[in-house]
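If you want the building blocks of each chain, they are given just below.
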Amino acid sequence: MKGHVLLRLLVFLLALAGWQVAAQAHGSVYFPPPGRIAHRAHELWFSGPVRHLFLTGAAVRDVLPSLGRMAAGFGIAVVAGTALGVAVGRSRRAYALCNPVLQFARAVPPPALVPVFVVVLDFGPPMQIASIAFSAVWPVLVNTAEGVRNTDPLRLDVAAVLQLNPLERLHFLLLPSALPRIFAGLRLSLSLALILMVFSELLPGTADGIGYTLTDAQSRSDLLTVWAALLLLGVLGYLLNTALLAVERRLVGRGGTA
């Protein structure tokens, strides 16, 4: 395991060094070296005082609102998707009736739904949170329904013999059985939530957030800040996915979905 981690770190460092050398040799303003990008990101967001956890005013204005909207939308998607997925997956008839609708909703490109939410809710945080939640709910819902539906019939028979009530079946049987599929849906939903967070902040009427920083820097031809925002998004996506995988390993075990 340790050797595998070191190998991955070595590959990452080699790629970073290659990027640094190529960018310096090319000298293009459009493709700055990663060292300058990291310095710009540090200067913008992480050079604040220690009492503020090194966060600058720009971080409070740009990064924290984005994370708050993403957390709200993702949280709504997780709760609603898991609850509805369990309800649909427990009934074969309900699953057969709802499956075409679920597959259709999952296939619609998430950014295409944002204009609908703009019309219904107008610009602002409610629209952004609603668009994130609505787009991120489907992978959780579908995977939860599939996981519940594929619960071992023998376990269901044992639960019937033991006369477990619905809550006991949910806690001791259905959710543990569906957890690997639920986390597969959570990882996909997390990626969609990050994408929708940025996309919703690119729209007019947004005054803060990482997406707003991107459009503002682009309008000022501040390409170094554009790259810094992209770097920040990549790091956030990696850290959030790593945290979710750690929770999955804790709950599902190493035999679960990786």
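Just above, that's the structure.
In what follows, the accompanying structure is described.

How each quantity is defined
Residues numbered from 1 in each chain as written. Predicted model: local features only at pLDDT ≥ 70, side-chain atom pairs only at ≥ 80, totals over all residues. Heavy atoms only, no water. Salt bridge = Lys/Arg side-chain N within 4 Å of Asp/Glu carboxyl O. Buried < 20%, exposed > 50% of the residue type's maximum accessible area, 1.4 Å probe, protein only. Helix = DSSP H or I, 4+ residues; strand = E, 2+ residues; numbered from the N terminus. Contact = heavy atoms within 4.5 Å. Axes fitted to C-alpha atoms, helices over the stretch in contact; angles between N-to-C directions. Parallel < 35°, antiparallel > 145°, perpendicular 65-115°, else oblique. Left-handed = near helix turned anticlockwise from the far one by under 90°. Nonpolar A, V, L, I, M, F, W, Y, C, P; charged D, E, K, R; others polar. Phe/Tyr/Trp six-rings, centres within 6.5 Å; stacked < 30°, edge-to-face > 60°. Expected span 1.5 Å × (residues − 1). Bend = angle between axes of the 7 residues up to and from the residue. Core = buried A, V, L, I, M, F, W, Y, C linked by side-chain atoms within 4.5 Å.

Details of the pattern of salt bridges
Any two side chains of opposite charge can pair, so long as their charged atoms come close to each other.
Next up, step 1: For the structure on display, the rule yields eight salt bridges.
Next up, step 2: Asp62 serves as the salt-bridge partner of Arg61, at 3.6 Å between the closest nitrogen and oxygen.
Next up, step 3: For Asp62, a relative accessible area of 5% corresponds to the buried category.
Next up, step 4: Ionic pairing is found between Glu248 and Arg187, a salt bridge with its closest N-O pair at 2.7 Å. Here Glu248, found in helix H10 (residues 223-252), pairs with Arg187, found in helix H8 (residues 166-201); they are 61 residues apart in sequence, far enough to count as distant. Residues Glu248 and Arg187 agree in their burial class; the two are buried.
Next up, step 5: Through salt bridges with shared partners, a single network forms among Arg40, Glu43, Asp216, Arg220 and Asp222.

With respect to the side chain of Asn143
Next up, step 1: Its place among the elements puts Asn143 in helix H6 (residues 125-149).
Next up, step 2: Classification of Asn143 by relative accessible area gives buried; the value is 10%.
Next up, step 3: Discounting residues that sit within four places of it in the chain, Asn143 has contacts with Arg181, Ala184 and Gly185.

As for the packing of H6 against H8
Next up, step 1: Between H6 and H8, whose axes approach to 7 Å, the crossing angle comes to 160°. One element, H6, and the other, H8, form an angle in the roughly antiparallel class. Where H6 crosses over H8, the handedness of that crossing is right-handed.
Next up, step 2: Of the residues in the contact of H6 with H8, the class split is 16 nonpolar, ten polar and three charged.

Looking at the environment of Arg36
Next up, step 1: Following the sequence through the fold, Arg36 ends up in helix H2 (residues 34-45).
Next up, step 2: Using a relative accessible area of 48% as the deciding quantity, one classes Arg36 as partly exposed.
Next up, step 3: Sequence-wise, Arg36 and Asp152 are 116 residues apart; in three dimensions their C-alpha atoms are separated by 54 Å.

Quick word on the packing of aromatic side chains
Next up, step 1: As enumerated under the stated definition, the model contains four aromatic pairs in all.
Next up, step 2: By way of ring pairs, the aromatic residues Trp19, Phe31 and Trp227 are connected into one cluster.

Regarding H6
Next up, step 1: With 25 residues, H6 extends 36 Å from end C-alpha to end C-alpha; this agrees with the ideal 36 Å at 1.5 Å per step.
Next up, step 2: The largest bend in H6 amounts to roughly 30° and is located at Val137, with the proline Pro139 lying one to four residues further along.
Next up, step 3: Counting buried residues along H6, 20 of its 25 residues qualify, which places the element largely inside the surrounding structure.

Considering the nonpolar core
The nonpolar side chains of soluble globular proteins are, as a tendency, buried together.
Next up, step 1: Grouped together as the largest cluster of nonpolar side chains are 40 residues, with contacts concentrated most on Trp45, Leu186, Met197, Ile210 and Leu233.
Next up, step 2: Every element with two or more residues in this core is listed here: H2, helix H3 (57-90), helix H5 (110-121), H6, H8, helix H9 (210-219) and H10.
Next up, step 3: In terms of residues, this core owes the most to one element, H8, which gives eleven residues.
Next up, step 4: Apart from the residues lying within four places of it in its own chain, the contact partners of Ile210 are Asp62, Val63, Ser66, Met197, Glu201, Ala229, Leu232, Leu233 and Leu236.
Next up, step 5: Within the second largest apolar cluster, eight residues are counted, among which are Ala105, Val137, Trp138 and Leu141.

As for helix H4 (residues 92-107)
Next up, step 1: For H4, built from 16 residues, the straight-helix expectation of 22 Å at 1.5 Å per residue is met to within 8% by its first-to-last C-alpha distance of 22 Å.
Next up, step 2: Of all the bends in H4, the greatest reaches close to 45° and is centred on Cys98; the proline Pro100 follows between one and four positions later.

Things to note about the environment of Ser200
Next up, step 1: By secondary structure assignment, the location of Ser200 is in helix H8.
Next up, step 2: For Ser200, a relative accessible area of 1% corresponds to the buried category.
Next up, step 3: The sequence separation of Ser200 and Val114 amounts to 86 residues, and the corresponding C-alpha distance is 7.1 Å.
Next up, step 4: With residues near it in sequence (within four places) discarded, Ser200 still touches Met127, Gln128, Ser131 and Thr206.

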